[in-house]
Amino acid sequence: MAQCDECGCFDDNEAENIDYPEILGDDDEKQQEWLEDQEDYQPDRYYYWHGDIQEDYQMPAGYWCLCDECFGDFLNQGKIIEKYLDHFIGGFLVYTDKEPQKLNPKWNDEEMGWFMPLK
Ligand SMILES: [Zn+2]
């Protein structure tokens with residue numbers, strides 16, 4: 001399941017958990033059509049998570065999950081702290097063969113990379 005805490009968009013995994021309108025019955029095809037009409041259904045976005053492993057980014061307090069668009073917005077606003085400065089560019093993961101090198105001076109490996117509850 002992935003649903004963005006900021007804009008509410010969601011992917012296919014989350015779609016399995018939603019309640020479809022009763023009128024559609026158990027018709028998979030109709031359910032799929034209905035789903036694709038939902039503005040928040042965004043199966044092609046990438047979703048960033050704070051799960052049970054340490055990530056190399058720190059979302060703002062209170063956020064579990066962000067879609068790539070909201071992640072990029074927060075990143076541009078300086079609300080997300082990245083572990084490496086050469087890992088994300090403009091909110092998107094940069095895939096290269098070499099390991100990221102530039103450690104962000106703001107990064108604290110003891111505390112960051114996990115879900116942070118709102119205080
Ligand atoms: Zn979003």
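Higher on the page you've got the structure.
Definitions and cut-offs
- Residues numbered from 1 in each chain as written.
- Predicted model: local features only at pLDDT ≥ 70, side-chain atom pairs only at ≥ 80, totals over all residues.
- Helix = DSSP H or I, 4+ residues; strand = E, 2+ residues; numbered from the N terminus.
- Rg over C-alpha atoms; globule rule 2.2 N^0.38 Å.
- Buried ≥ 20, exposed ≤ 12 C-beta atoms within 10 Å, placed from the backbone.
- Contact = placed C-beta atoms within 7 Å.
- Core = buried A, V, L, I, M, F, W, Y, C linked by C-beta atoms within 7 Å.

Draft legend 1. Fine view of the overall build of the protein. The helix and strand tally for the protein stands at three helices and six strands. Mapped from its N terminus to its C terminus, the protein presents α and β elements in the order α-α-β-β-β-α-β-β-β. The C-alpha atoms of the protein give a radius of gyration of 17 Å, which is well past the 14 Å a tight globule of 119 residues would have. In terms of principal-axis extent, the alpha carbons of the protein reach across some 55 × 35 × 25 Å. Expressed as a percentage of its 119 residues, the buried residues of the protein come to 20%. Once local pairs closer than 6 in sequence are excluded, the contacts in the protein between residues at least 24 apart make up 47%.

Draft legend 2. Quick peek at the nonpolar core. Counting residues in each nonpolar core, the largest one holds 17 residues, and the members touching the most others are Cys4, Tyr47, Tyr48, Cys65, Leu66, Cys67 and Phe71. Residue assignment for this core shows that the elements contributing at least two residues are β1 (47-49), β3 (65-67) and α3 (68-76). Excluding anything up to four places from it in sequence, Cys67 contacts Cys4, Cys7, Cys9, Gln42, Arg45 and Tyr47.

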